[in-house]
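Commentary on secondary and tertiary structure
The chain contents come next:
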Amino acid sequence: MTPMQVIFIITAVATVLAAIMVVSRRNLVHAALFLVITLFGVAVNFILLDAPFLAVVQVLVYIGAIAILMIFAVMLTRNIQEDGAGEAFNKNVGMAGLVSFLVLSLLVVTLGGWSEFRALPPVANTSGAVEALGLALASADGYVLAFEVASMLLLGALVGAIFVAWPRKNENE
Amino acid sequence: MDPLAALGEWFLNLLAMINLPPAVGQILLYLIGVIVIATVALVITIFNTWLERKIAARLQDRVGPNRVGPWGLLQPIADALKMLTKEDTTPAGADKIAFNIAPILAVVSVLLIWAVVPFTSQWYGTRLNVAVLYIAAVGSFGVLAVLMAGWSSNNKYALLGAFRAVSQLISYEVPLLLSLLIPVLMARSMDISTIVEKQGTLLEMFVVAAPLAFLLFFISSVAEVGRTPFDLLEAESEIVAGYHIEYSGFKFGMFQAGEFMHTFTISALTAILFLGGWQGPLVEQFPILGLVYFMGKSFAVYFVTMWMRSTLPRIRIDHMQSLNWKVLVPVALVLLMLTPLVDFFTKDLGNLFSLFVGSPAELTLSVRAGALLLTNLAIMLGAIEVIRRSVKRATKARVPFPRRDEARPPIEEAA
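The structure presented is a predicted model; accordingly, all values stated were derived computationally and were not measured.

Turning next to the interface of chain B and chain A. Chain B puts 25 residues into the contact, and the matching count from chain A is 24 residues. When chain B packs against chain A, the two sides together hide about 2200 Å² of surface, and 82% of this comes from carbon and sulfur. Looking at the side of chain B facing chain A, the largest losses of area belong to Leu-144, Trp-151 and Phe-163 of chain B, adding up to 27% of the total buried there. Run the count over chain B and chain A and you get 1 residue pair in polar contact (both at pLDDT 80 or more).

A few words on the pattern of salt bridges. Residue and element names in this part refer to chain B. Going through the model one piece at a time under the given rule, you end up with 10 salt bridges over all chains. Arg-188 is the partner of Asp-343 in a salt bridge, and the nearest nitrogen-oxygen pair spans 2.7 Å. Of the two residues, Asp-343 is situated in helix H13 (residues 317-345) and Arg-188 in the loop between helix H6 (156-187) and helix H7 (192-197); the sequence distance between them amounts to 155 residues. The class for Asp-343 is buried, based on a relative accessible area of 8%. Residue Arg-188 is classed as partly exposed on the basis of its relative accessible area of 48%. With a shortest N-O distance of 2.7 Å, Arg-316 and Asp-318 are connected by a salt bridge. One salt-bridge network, held together by shared partners, links Glu-52, Arg-227 and Arg-309.

Trp-114, Leu-144, Phe-274 and Phe-294 of chain B are the most contacted members of the largest nonpolar core, which totals 124 residues. A per-element tally of this core places helix H5 (residues 131-152) of chain B first, with 17 residues.

Here we take up the domain arrangement of chain B. How big an interface is tends to be reported as the loss of accessible area on association of its parts. Residue and element names in this part refer to chain B. The domains assigned to chain B are domain 1 (1-81) and domain 2 (86-316). Put simply, the middle of domain 1 and the middle of domain 2, counted by C-alpha atoms, are 18 Å apart. Listed by partner, the interface residues are 18 residues for domain 1 and 18 residues for domain 2. Seen at the junction of domain 1 and domain 2, the total is 2 salt bridges. Ionic pairing is found between Glu-52 and Arg-309, a salt bridge with its closest N-O pair at 2.8 Å. At the junction of domain 1 and domain 2, the tally comes to 4 residue pairs in polar contact (both at pLDDT 80 or more).

Position of Asn-48 of chain B relative to the elements: it lies in helix H2 (residues 22-59). With residues near it in sequence (within four places) discarded, Asn-48 of chain B still touches Phe-264, Phe-299 and Tyr-302 of chain B.

Calculation notes
Residues numbered from 1 in each chain as written. Chains lettered and ligands numbered in written order. Predicted model: local features only at pLDDT ≥ 70, side-chain atom pairs only at ≥ 80, totals over all residues. Heavy atoms only, no water. Contact = heavy atoms within 4.5 Å. Buried area = accessible area lost by both parts, 1.4 Å probe. Polar contact = N/O pair within 3.5 Å; in protein donor to acceptor, adjacent residues only side chain to side chain. Salt bridge = Lys/Arg side-chain N within 4 Å of Asp/Glu carboxyl O. Helix = DSSP H or I, 4+ residues; strand = E, 2+ residues; numbered from the N terminus. Buried < 20%, exposed > 50% of the residue type's maximum accessible area, 1.4 Å probe, protein only. Core = buried A, V, L, I, M, F, W, Y, C linked by side-chain atoms within 4.5 Å. Domains from an automatic or database assignment.

As structure tokens, then:
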């Protein structure tokens, strides 16, 4: 076993265990903290795959922004230290299990049929990968449309959030 | 040959002699490198606590530590020993695991930055092609540490302090990242070593071409560390001590060490990104000189933070937010839009003028630096003008305090 494989196995086990903890903890803040570990494990996997840019973005966006926001919201909304996460809305364990199983088998079947998934092509020289990614995102032949649509969506979400949070004048009267 | 590289080679050969596989030797070498860099950063921090107390004392016309060791140099060690002997308390109802991880995370988030800091052209932890982004990413662990500390302490003041801290840290991350992009744009690389290499001469230093980005980066970094004038995180009169109120002994020391180290780290980053890092005269012949230049520049910036700390009053919390969102962020956005434009249009100007004077490359550089400098100054003046007007409007709109003669009509004496 190469050292890389040892690192992979350790992070993979930690990532999966933390992911299980995310969905099984009653305490929402603990669940969010375990989510941070899961996301970090994914970032480590990106590094093992020679994709440092994706790893760093994973940490920056998911841990630095989204996980922090979730923890912030959880802490503000409820007194977690006393009542746990409250009762579940319904008990659709069977249904949820069925859907999860279907999704998993769909993934296994589709990815199993994809030849590149089984035998990874050797990693090309990644030194210019960030530049290539940037050019692809900004060129008309590349993904500029998808990129701009995503930006507009985010902008719309921002404007919507401000609109919802804006104090209305007639309510005060 | 480079002494450190020779040392590493010798170590690898030593391991090969006792029949260890080369991969294991490599990993051991990496581990030693991690320990060395972390130790260097921590030792500098220990020295800095003494330096800071001494300089703050001088600025405030005091003597400072002078009892323990020569010039009080052993004071930090005495402080550390005192911290270690204090009782280590955990409040009842605290979340034990999160409570204990938070101080570690606070130090680690700063230490991780040192992995990519280039001390000289040869000495750096690792050369990452996304180093600038990496610095921004590991900074988010610091925010996480603050939140965990505040929440797990089971104390209202701690939680309030954590909320306040996180709102400040997240807000100031925006101008910090935007101003980080300016050196990246100008060096055409996110690799921090390349950014230093591109600042070979005095004119090429990014502080010359982008003084505004330098200021933005420095201000938002100081806010990110939470030092005066942005030390609302531990305003004693309002929130007692902030998120680390329940910490004692060594765990509190970890938070303090993390803060001191972070201050020096941002000084080093400012020196690297805008002042040319290890660049200086004769550095090609003697790479070791780079360490002297780098440390000199870092300590020069660090001195400014100490100077600010011992002279400036604390900023008010609404001012803290409005300074960020109404001044720093718009200025950074305008700067980020204009810098590439100016850079693009001055790219070939050197060739144009080369008919009259010599070397086009050098001319392009100075034209580019000059144009960027003018852009920066124009944005700065514009921003100051806008602020001045809005302050004027705000003062006018406010109901004025009635002047004496208006408030009280003169008493008629013929009553």
